[in-house]
Each structure stands twice: as C-alpha cells, then as structure tokens.
Number of protein chains: 2
Amino acid sequence: MISMRSKYALKALGYMARNPEKESFLIAEIAQAEGIPKKFLEAILLTLKNNGILSSRKGPGGGYAMAKAPATVTIGAIVRSFEGDLAPVQCLSETAHASCPECGDEDTCGIRLVMADVSQAVSSVLDTVTLADMLQRSEFERQKRQQVVDFAI
Amino acid sequence: MISMRSKYALKALGYMARNPEKESFLIAEIAQAEGIPKKFLEAILLTLKNNGILSSRKGPGGGYAMAKAPATVTIGAIVRSFEGDLAPVQCLSETAHASCPECGDEDTCGIRLVMADVSQAVSSVLDTVTLADMLQRSEFERQKRQQVVDFAI
DNA sequence: GCTAAGTCTAGTTTGAATATAGGATATAGC
DNA sequence: GCTATATCCTATATTCAAACTAGACTTAGC
C-alpha cells in the first residue's frame, strides 16, 4: 500500500499538469480542487520541491509550479519522494541500507533473492510511466467510456 | 516492505523444506533454529495452517508439517497469508474492496490504472516462484560463492 | 490422569502515518 | 519601509497497525 502522501502528491501533480496554461498554483487552490487537507498538502508540496519536481515562489503572486515537463517526471520519482526506495525488504534498501536483522548470509538469502526480483518488477513499471502517461491513460479511459454512453443514447 | 510475519513465515517454511527427512517440527525447535520469538511464531504457523500450507497434530509426538510439497507452494501464497492481497491502493483490493476515499471516478483514475500494472508485475513474480525455487536459488548462490573461495585458496 | 504439544483470547508496547497549529521568512506592490 | 500574501519551518496531537507477550484452554499419547 502506498501512503496518502504519495496519493495526494500524484493528485496534486495531476491537477497541475492538467492545467498547463496556469503559470503557478496556490496550495489552497490545489487543496480545494483535489480535496486534500491544506496543511498536509503544504508539507507534501515542499517535499516535491526538495526533490526537484516542483519549484516555488513566496509572496504575493507566488505559488508552486512544475519544475519539469510532465512527460519527464516518472511516477517512480514521485512515489519514491515519499516511500523512500521501494525495497520490499530492508536489506535491499540503498538509502538506509541495514541488513535485515537475523538474515544470516545476505548474499545467499533466498528471501532477498526473490524480493530483488519483485523490486525490479515494480521499478520497471514505475520508472517507465510518466506523469503525462498517467494522465493520458486516464483521459483515454474517460473517452472510451464516454463513447459507450453516447452509443447507449 | 513486507512484514516480519511474512519474513518469519518464509524462514520457518524454508527450515521445514530444507529438512524433508523430518516428519514433524515443534514450534520451539523452529523458533530456536531460525531465531524467531516463539510466541510470535506460534501465531504465524497457525495462520499458515488455516491457509492450508501447514498441517498440525497436538499432543506428544505432535507438531507441524508441510501440507503440500514445497514445489507447489508459491511465495505469493505465503506472503498473501499475512499481507492480504498485495494491492498498492485500496481500490484494487479484492478482499476488503473499498474504493479509495476521494478517488473521484474509479474507472478513469490514473493512479489506479498505473497501480494495477504494478500489482500485476508483483504478482507475476510472487505467483511464479515457489518455496522450492527459493531454496534452490539460495543453494545455487551458496555453491557459486563456495567455488570462488576454493579458487582463492 | 499426567504430560506434551498445539490453540485461543486478551492484552502491552512501540512507532509510523495522518493531520493540525502557529509562528518565521520572503517578496510584491504601494 | 509597511503591509498583505504566500511559502517555509517546528512542534504537537491522534490514531492505528505491527510486533510481541501472558496465560488459560484443548487435544492426544502413554
């Protein structure tokens, strides 16, 4: 399960990417539009900024803006900002690399070997799909269903 | 991150599968051998029994035994006994299916679409690899490294 | 019926996730 | 330089699940 933080981040970034005509966004506006607690979103956007995904300006007329094009931001980069690396077991974490307590020999640990494959499988999805891809897929589904409704009428 | 429960379960089952000559195992024996808190392991083995992976007999001479051959038990079946289905977001969970709070339209939610791919990727690994496979890979790594040591000498 | 085992119920403890409050800091416009 | 606006930062509450423990109950073999 990914955290609310990650979900809120994806929703907030989705909102921003869907409105490319706007130069900057207020926290309060995004919070309102996407139904995210404002104070919580504050911390989330700050994290995204510190990870180079957003930029910000203080003061009147300020706000947040995308630091990169949506097509160059992977879902993996976003999620990892909050979940750390997505290691299914501690001993596979590169940041915070602590060998699993009691995992005898790390090199030959069967659990570790299998989980390395899992980690690889997850990354191959999340590091391939971009924010733009996500929105495009969503839009595609929306239109597909719209058509069905049209036919029904 | 998988829970300690899952890790302990994998270790316990690994121990049992590595000693096929034994007909049954005491909780205390497994706990000792694998360094698992005995009372905690108690609950874990019970869960594995309720999921059809282990069988048990009470009383003197009793204990736990594998209910199936290690080659027919997938890592997915073991892990899912403790983690539920491995849905990365609530709305993808089949048991406990509750739509994510605030996830507007579930059919067109981009987050859900991407996470469905992630879920699929994870399952394709965990439902393919069996307990026997895991031990075999571990043994293979062990021998590979053993050879390197031999050459070094 | 004694003892060795698993089974069940009910806790405790700890830590992380979610969220909020309130002030500090920066900047635009006058 | 004052004020309004907005982000930035620190601290704290709250809630919940994970990890683990205690102790009584049940079953089976001798």
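Residues numbered from 1 in each chain as written. Chains lettered and ligands numbered in written order. Predicted model: local features only at pLDDT ≥ 70, side-chain atom pairs only at ≥ 80, totals over all residues. Heavy atoms only, no water.

Points about the side chain of Glu141(A)
As a reminder, the rule being used: Under the scheme used here, helices are H or I runs from DSSP no shorter than 4 residues and strands are E runs no shorter than 2 residues, and both carry numbers assigned from the N terminus. Burial here depends on accessible area, computed with a 1.4 Å probe over protein chains only, as a share of the maximum for the residue type. Under 20% is buried, over 50% is exposed, and the range in between is partly exposed. By definition in these notes, contact holds between two residues if any of their heavy atoms fall within 4.5 Å.
Take Glu141(A): it is sitting in helix H6 (residues 131-152). The class of Glu141(A) is buried, set by a relative accessible area of 13%. Discounting chain neighbours no more than four positions away, the residues touching Glu141(A) are Asp107(B), Thr108(B) and Leu113(B).

Here we look at the protein's contact with DNA strand D
For clarity, the threshold we go by: A single heavy atom is enough: if one lies within 4 Å of a molecule or strand, its residue is considered near that molecule or strand. Any pair of nitrogen or oxygen atoms within 3.5 Å is treated as a polar contact; in protein, a donor-acceptor pairing is required on top of that, and neighbouring residues in sequence qualify only through side-chain atoms on both sides. Under the convention adopted here, Pro, Cys and the residues Ala, Val, Leu, Ile, Met, Phe, Trp and Tyr are nonpolar, Asp, Glu, Lys and Arg are charged, and Gly plus all remaining residues are polar.
Neighbouring DNA strand D are 25 residues; Glu42(A), Lys49(A), Ser56(A), Tyr64(A) and Lys39(B) lie closest to it. Backbone sugar and phosphate groups make up 65% of those atoms of DNA strand D lying within 4 Å of the protein. Between DNA strand D and Glu42(A) there is a distance of 2.8 Å, counted from a base nitrogen to a side-chain nitrogen or oxygen. One of the side-chain nitrogen or oxygen atoms of Tyr8(B) is found 3.3 Å away from a phosphate oxygen of DNA strand D. Top element by residues in the surface near DNA strand D is helix H3 (residues 38-50) of chain A. It accounts for four residues. Taken together, the residues of the surface near DNA strand D sort by class into eleven nonpolar, five polar and nine charged.

Thoughts on the relation of the copies chain B and chain A
Rules: A least-squares fit on C-alpha atoms brings the copies together, and the residues used are those whose pLDDT is at least 70 in both copies.
For the pair chain B and chain A, the relating rotation is 180 degrees, the translation along its axis is 0.0 Å, and the fit reaches an RMSD of 0.1 Å. Look at the turn and shift together and you get a two-fold axis relating the two. By C-alpha distance to the rotation axis, the residue of chain B lying nearest is Ala121(B), at 2.8 Å. Comparing contact sets, 97% of the residues at the interface of chain B also lie at the interface in chain A, consistent with an isologous, same-surface contact.

Some details on the pairing of strand E1 (residues 54-57) of chain A
Residue and element names in this part refer to chain A. Which entries qualify depends on this criterion: A pair of strands is treated as paired once DSSP finds two or more bridges between them.
Sheet topology places E1 next to strand E2 (residues 63-66); four bridges connect them, and they run antiparallel. Across the sheet, Arg-57 pairs through a bridge with Gly-63, a residue of E2. Following E1, the chain reverses through five residues before pairing antiparallel with E2; Gly-59 in that reversal takes a positive phi of roughly 80 degrees.

Focus: the packing of aromatic side chains
Residues and elements named next belong to chain A. Basically, it comes down to this: When the centres of two rings from Phe, Tyr and Trp lie within 6.5 Å, Trp using its six-membered ring, the rings pair. Their planes under 30 degrees apart give stacked, over 60 give edge-to-face, and anything left gives tilted.
Per the counting criterion, the structure on display carries four aromatic pairs over all chains. The interplanar angle of 85 degrees and the centroid separation of 5.8 Å between the aromatic rings of Tyr-8 and Phe-40 together place this pair among those described as edge-to-face. Of this pair, Tyr-8 sits in helix H1 (residues 4-18) while Phe-40 sits in helix H3; the two residues are 32 residues apart in sequence, bridging distant segments of the chain.

Brief notes about the packing of H1(A) against H3(A)
Helix packing geometry: the angle between the two helix axes and the distance between the axes. All names here are of chain A. Definition in use: To get an axis, a line is fitted to the C-alpha atoms, and for a helix only the part in contact is used. The angle between two axes follows their N-to-C directions and goes from 0 to 180 degrees. Here the word oblique covers every angle except those under 35 degrees (roughly parallel), over 145 (roughly antiparallel) and from 65 to 115 (roughly perpendicular).
Contact geometry for H1 and H3: axes closest at 10 Å, N-to-C directions at 75 degrees. With respect to each other, H1 and H3 are oriented roughly perpendicular. Where H1 approaches H3, its residues Met-4, Arg-5, Tyr-8, Ala-9, Ala-12 and Leu-13 are matched on the opposing element by Phe-40, Leu-41, Ile-44, Leu-45 and Leu-48. Residues belonging to the contact of H1 with H3 are distributed by class as follows: ten nonpolar, no polar and one charged.

Digging into the pattern of salt bridges
The condition that has to hold: What makes a salt bridge here is a side-chain nitrogen of Lys or Arg within 4 Å of a carboxyl oxygen of Asp or Glu, nothing more.
Counted under the stated rule, the structure contains 20 salt bridges over all chains. Glu141(A) serves as the salt-bridge partner of Arg145(A), at 3.3 Å between the closest nitrogen and oxygen. Here the residue Arg145(A) and the residue Glu141(A) both occupy positions in helix H6, the gap between them amounting to four residues, near one helical turn. The shortest N-O distance in the salt bridge between Lys39(B) and Glu42(B) comes to 3.4 Å. With Lys39(B) and Glu42(B) both in helix H3 (residues 38-50), this residue pair falls three residues apart, about one helical turn. By relative accessible area, which is 64% here, Lys39(B) ends up exposed. Using a relative accessible area of 28% as the deciding quantity, one classes Glu42(B) as partly exposed. What emerges from the salt-bridge pattern is a single network uniting Asp107(A), Glu141(B), Lys144(B) and Arg145(B).

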